[in-house]
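Close look at the chain arrangement
Take a look at the letters that make up each chain.
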Amino acid sequence: MPHEIDLAVEDARWETAVADLEALVTRAVEAGLAVAPEKPDGPVEVSVLLTDDAAVRELNRTWRGKDKPTNVLSFPAAPQPRHAGTAVPLGDVVLAYETLVRESAEQSKPLQNHLAHLLVHGTLHCLGQDHEIGETEADAMEALEVAALATLGIPDPYA
């Protein structure tokens, strides 16, 4: 059974801004899963919500105490037992349209590349990777992101 990637597009601008949106989301999440040091032992379900700054700001305020939008939020699911024939929920990844568009322009990167990068980033967070606990962990997570993006033909976002 393959992994399940559930995509919800809350802000329609995503659909016109990125070609083959659903395919890109699927490939990016799968790339993040593939490079994880501790791969899931069986199929997982990842929910992706493509929304706007206002929705992300509300989630960021509610769950992280930060009253501002951000580019991506990840919400790892609580560990659950595996049942034959079903995917185990891994978590939710939420992305803000206006923030990603602004960052893409500031960094002179195609929006689809930046979106793929942050999907990989969010997926790795759902798998337990954390760049905020120290420089070693940040470097390790960046290396995983670069490796995942390379499989998608996307250049190193940190170069």
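What comes next concerns the included structure. (Residues numbered from 1 in each chain as written. Predicted model: local features only at pLDDT ≥ 70, side-chain atom pairs only at ≥ 80, totals over all residues. Heavy atoms only, no water.)

1. A look at helix α6 (residues 135-151)
For clarity, the cut-off: Starting at the N terminus, helices and strands are each numbered in turn, a helix being any DSSP run of H or I of at least four residues and a strand any DSSP run of E of at least two. What a helix should span is 1.5 Å times the count of its residues minus one. The buried label goes to any residue with under 20% of its type's maximum accessible area, the exposed label to any with over 50%, and the partly exposed label to all in between, with areas taken from a 1.4 Å probe on protein chains only. Arc, as used here, means the arc of the directions from the helix axis to the C-beta atoms. Every residue pair with non-hydrogen atoms within 4.5 Å of one another is taken to be in contact.
For α6, with 17 residues, the first-to-last C-alpha span of 25 Å sits near the 24 Å given by 1.5 Å per residue. Taken residue by residue, α6 has A138, M141, L144, E145, A148 and L149 as its buried positions. Buried positions in α6, seen along its axis, are confined to an arc of 130° and lie on one side of it. Pointing more than 90 degrees away from the buried face of α6 are the exposed residues E135, T136, A150 and T151. Check the buried side of α6 and you find it contacts α2 (21-35) and α5 (111-126).

2. A look at the sheet that holds strand β4 (residues 88-96)
What counts is decided by this rule: In this analysis, strands are considered paired if DSSP registers two or more bridges between them. Fitted lines through C-alpha atoms give the axes, limited to the stretch in contact for helices. The angle between two N-to-C directions lies from 0 to 180 degrees.
In spatial order, the strands read β1-β2-β4-β3; together these four strands make up an open sheet with mixed pairing. Looking along the sheet, the strands with just one partner apiece sit at the ends: β1 (4-9) and β3 (72-76). Put simply, the sheet's adjacent strands are angled 15° from each other on average, direction ignored. When strand β2 (residues 44-51) meets β4, the two strands line up parallel, connected through eight bridges. Each bridged residue has a counterpart across the sheet, and for T51 the counterpart in β4 is A96. Taken strand by strand, helix α3 (residues 53-64) contacts β2, β3 and β4, and its axis lies near 45° from that of β3. The sheet contacts of helix α4 (residues 97-106) involve β2 and β4, and relative to β4 the element is tilted by about 65°.

Treat this as a map of the structure, not an account of what it does.
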